[in-house]
Amino acid sequence: MSALFISDAGAEQSSISLAEVRAFALEQSPLVQATDSEYATRLAETVQLTTLPNPELGVGVSVPVNWKESRGDNELDASIGQPLRLSHFGTRRAVSDLIQKMASAERQAELFKLLKEIDLGYLRLWVLQQQKRFLATAQSSAASRSREISQGLTRGIFSEGDQKIFFAEEARFEAGLLGVEGDIKAGEANLTRLVGRSMLSRSLVKPDMAAHFTVDAVRAKEKNSAIGASQRADLLVELANAQKRLARKDSFPEFTPQLMASRNDEGTTFLGAGITIPLPFSDRNQSQIIQREGELRAAEARRNYVKEGAFSDEISALVDAVNLALSEAELFESKVVPAFQDSLRFQERQFREGSGSIFQIWQTQRELFESQAKALELWTKAFSLRIELEILVGQEL
């Protein structure tokens, strides 16, 4: 790890790595359970889709109410029928299997997105902890300079205006510390919510984020990922086609084959069979057909985007963006910040030897703090872009 980034060493804090945080989340996060609940809802949809309606039992008694010569016999009637649709003969099962497959992919994708959200929450909290350390160092340095100015004021070396500048600088860093401490508490609350376990006062370890990627390797990972855009686009089109076929088949109304039996007072038993069919004059399932056709068009448009080159260009551009952001962050961390640190040490040594300027030290101290803050900002940018790429690909990179 670069000397620029050192974990807080306070005795009241215990350190925790990103891998440990992710493991806790998979075991305890209520958001994982919420994802499982959504998955169970989709599975329940498949059960409902393939379950036959309950059979219908009818019982009735017929009695004569009008006759010419003699009263006829009473009759006891019974019937049993099974409501059916044409789609019950294979189509619904095929759609159910595809929904289960899609639901499983969606569950994996949602869990992966949750882990990526945890990664980003962890990184941002780590950045805030580093900002607090930098601010504390800058405040301490400003306080030291302020004391030196006060001592020089009594000897006539500095003016009251000079003293006010360093008082303001010290107060500025103190205010910054208050602000970042509040941001840390908000970050701890967010990470606690995501993980399902208290993340208060935990010292975080710098996440591993220095790896660069090649476009070909990332494209290969995306094609092989079950939750990558390519395979999910194919599955979505397959499901949309199946649901469109189901909607069209359900344009034929539900029908009910029946077995009937009756018996009269003389002991004569009648057996029969029949069927009831609603006449499809007005309702031919038009609304479902229109909806499914729209979903199919959207799914085909997404697949065409993924398959015809533009998506590959999106991956290529995002890979380049990640690599460039990483290079920029590495350059700031390895060269810009150390250069200001060396300059500050040199100017402090000159000042102690009586040849330096305290105002030059003050200016360099500010430049150092701003470069440290910029380095943290660049790491956040690079890490965020990498997470965006990983979600697109559906795999860790």
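Residues numbered from 1 in each chain as written. Predicted model: local features only at pLDDT ≥ 70, side-chain atom pairs only at ≥ 80, totals over all residues. Heavy atoms only, no water.

**Points about the confidence of the model for the chain**
Averaged over every residue, the pLDDT of the chain is 83; residues scoring 70 or more account for 93%. Every residue in residues 6-12 is under pLDDT 50, and counting partners more than four places away or in other chains gives eleven contacts. (pLDDT = per-residue confidence, 0-100. Contact = heavy atoms within 4.5 Å.)

**A word on the packing of helix H8 (residues 310-352) against helix H9 (residues 358-393)**
Helix packing for two helices is described by the angle between their axes and how far apart those axes are. Close contact between H8 and H9 brings their axes to 8 Å; oriented N to C, the two are set at 160 degrees. Classified by the interaxial angle, the pair formed by H8 and H9 is roughly antiparallel. Handedness of the H8/H9 crossing: left-handed. Looking at side-chain class alone, the contact of H8 with H9 contains 25 nonpolar, eight polar and ten charged residues. (Axes fitted to C-alpha atoms, helices over the stretch in contact; angles between N-to-C directions. Helix = DSSP H or I, 4+ residues; strand = E, 2+ residues; numbered from the N terminus. Parallel < 35°, antiparallel > 145°, perpendicular 65-115°, else oblique. Left-handed = near helix turned anticlockwise from the far one by under 90°. Nonpolar A, V, L, I, M, F, W, Y, C, P; charged D, E, K, R; others polar.)

**Notes on unusual backbone geometry**
Across residues other than glycine, the phi torsion is negative in most instances, and most of the peptide bonds are trans. At Ser201, a position not held by glycine, the phi torsion is positive, near 55 degrees. Within the secondary structure, Ser201 is located in the loop between helix H4 (160-195) and strand E4 (202-204). According to the relative accessible area criterion, Ser201 is partly exposed, its value standing at 30%. (Buried < 20%, exposed > 50% of the residue type's maximum accessible area, 1.4 Å probe, protein only.)

**Re the packing of aromatic side chains**
The description of an aromatic ring pair uses the distance of the two centres, along with the angle that the planes make with each other. As enumerated under the stated definition, the model contains three aromatic pairs in all. Plain terms: the ring middles of Phe173 and Phe369 are 5.4 Å apart, the flat faces sit at 75 degrees to each other, and that makes the pair edge-to-face. Here Phe173 is found in helix H4, whereas its partner Phe369 is found in helix H9, with 196 residues between them in sequence. Note on accessibility: Phe173 and Phe369 belong to one class, buried. Ring geometry for Phe252 against Phe255: centres 6.3 Å apart, planes inclined by 70 degrees, an arrangement best described as edge-to-face. Since its relative accessible area comes to 35%, Phe252 is described here as partly exposed. (Phe/Tyr/Trp six-rings, centres within 6.5 Å; stacked < 30°, edge-to-face > 60°.)

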